[in-house]
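Single-letter residue listing:
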Amino acid sequence: MAEIESLRDGGDADDRVDRILADTMRNRDGVVVDAWALPWYCREPAIRIWIGSDRISRSWKCAVSSPAEVALGPTGCARLVDEKDWLTRQRFLSRYGFDIFADRDVFDFVLDNSHLIDAPTRASADAGINKFHRVLTACVEAGISGDPEPLRALVNDADPALRSCVVRVGGPCGARWRSRDQKNCAPMVPSRAI
């Protein structure tokens, strides 16, 4: 982590990456970009989706993601997640002027998949990813069409774990997303600790 942060000090690397990502968004259609700050600083038309996870689920995902993180275990990964979050928050506050952990107004869809991993195992992470794919697909379809019907189908699904992933709908779909729809999307907050 320290090595990556040292490369970012001064902002030159971040400036280059920001320009490349903004140019990509401006000049290419049909791209998917996974970059934390891009939704706030890039004004190009896009479907902006925030995928949130609580500290424990992120620690568990970290603990099963690669050999280096597996060696850390869930507790070591929790410390790594905390350090990354603190550094990222400070960097984005000073660089862009937003709080990555509070400002969600720029997003068309705010999702949470914390409850979809129930143990720090690769099998649990993969099962959560497979389940979450339906949620993400419904959001992309709704975002492209401007019609919230794919989300309504998800909300009416018998599986409460799917509908509880949808925290907030904004953008063009948000205007057509009825309060009745949102009430069916009560978040599931797992009770667990590291």
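Residues numbered from 1 in each chain as written. Predicted model: local features only at pLDDT ≥ 70, side-chain atom pairs only at ≥ 80, totals over all residues. Heavy atoms only, no water.

**Concerning the confidence of the model for the protein chain**
Consideration 1: Residues of the protein chain with pLDDT of at least 70 account for 82%, and the chain-wide mean is 82.
Consideration 2: Ranking the elements of the protein chain by mean pLDDT puts helix H10 (residues 179-183) last with 55 and strand E1 (residues 49-52) first with 93.
Consideration 3: Considering only residues more than four positions removed or in separate chains, one finds that residues 186-194, a stretch of pLDDT under 50, has 24 contacts. (pLDDT = per-residue confidence, 0-100. Helix = DSSP H or I, 4+ residues; strand = E, 2+ residues; numbered from the N terminus. Contact = heavy atoms within 4.5 Å.)

**Description of the environment of Ser59**
Consideration 1: One can find Ser59 in helix H4 (residues 55-63).
Consideration 2: Relative accessible area serves as the criterion here: at 0%, Ser59 is assigned to the buried category.
Consideration 3: The spatial distance from the C-alpha of Ser59 to the C-alpha of Pro74 is 5.6 Å, given a sequence separation of 15 residues. (Buried < 20%, exposed > 50% of the residue type's maximum accessible area, 1.4 Å probe, protein only.)

**Let's talk about the packing of aromatic side chains**
Consideration 1: Overall, the coordinates contain 9 aromatic pairs when judged by the stated rule.
Consideration 2: Residues Trp40 and Phe98 carry aromatic rings whose centres are separated by 4.0 Å and whose planes lie at 10° to one another, so their mutual orientation is stacked. On the criterion of sequence distance, the pair formed by Trp40 in helix H3 (residues 38-41) and Phe98 in the loop between helix H5 (67-95) and strand E2 (109-112) is long-range, its members being 58 residues apart.
Consideration 3: A relative accessible area of 7% means that Trp40 is categorised as buried.
Consideration 4: Seen in terms of ring centroids, Tyr41 and Tyr96 are 5.4 Å apart; in terms of plane orientation they differ by 10°. Their pairing is stacked. Within this pair, whereas Tyr41 is found in helix H3, its partner Tyr96 is found in the loop between H5 and E2, the two being separated by 55 residues in sequence.
Consideration 5: By relative accessible area, Tyr96 is classed as partly exposed at 24%.
Consideration 6: Taken together through their ring pairs, the aromatic side chains of Trp40, Tyr41, Trp50, Phe92, Tyr96, Phe98 and Phe107 make up a single cluster. (Phe/Tyr/Trp six-rings, centres within 6.5 Å; stacked < 30°, edge-to-face > 60°.)

**Digging into the side chain of Asp85**
Consideration 1: Along the chain, the position of Asp85 falls in helix H5.
Consideration 2: By relative accessible area, which is 15% here, Asp85 ends up buried.
Consideration 3: Residues in contact with Asp85, not counting those within four places in the same chain, are Trp36, Arg58 and Phe101.

**Brief notes about the sheet that holds E1**
Consideration 1: Pairing in this open sheet of 3 strands is mixed, and the strands run E1-E2-E3 from one edge to the other. The open sheet has two edge strands, E1 and strand E3 (166-169), and neither has a second partner. Strand-to-strand twist of the sheet, defined as the mean angle between neighbouring strand axes without regard to direction, takes the value 10°.
Consideration 2: As defined by bridge partners, E1 adjoins E2 across 4 bridges and the pair is classed as parallel. When the bridges of E2 are listed, Trp50 appears paired with Val110.
Consideration 3: In the packing of helix H6 (residues 122-145) onto the sheet, contacts are made with E1, E2 and E3, and the angle to E2 comes to roughly 175°. (Pairing = 2+ DSSP bridges. Axes fitted to C-alpha atoms, helices over the stretch in contact; angles between N-to-C directions.)

**A look at H4**
Consideration 1: Most of H4 is tucked away, with 7 of its 9 residues classed as buried.
Consideration 2: Taken together, the buried positions of H4 are occupied by Ile56, Ser57, Arg58, Ser59, Trp60, Cys62 and Ala63.

**So, the environment of Arg48**
Consideration 1: Mapping Arg48 onto the fold places it in the loop between H3 and E1.
Consideration 2: Considered as a pair, Arg48 and Val110 are 62 residues apart in the sequence and their alpha carbons are 8.7 Å apart.
Consideration 3: Sequence-distant contacts of Arg48, that is, excluding residues within four places in its chain, are made with Pro39, Cys42, Arg43, Val106, Phe107, Asp108 and Phe109.
Consideration 4: Looking at Arg48, its side chain comes within polar contact range of the main-chain oxygen of Pro39, at 3.2 Å. (Polar contact = N/O pair within 3.5 Å; in protein donor to acceptor, adjacent residues only side chain to side chain.)

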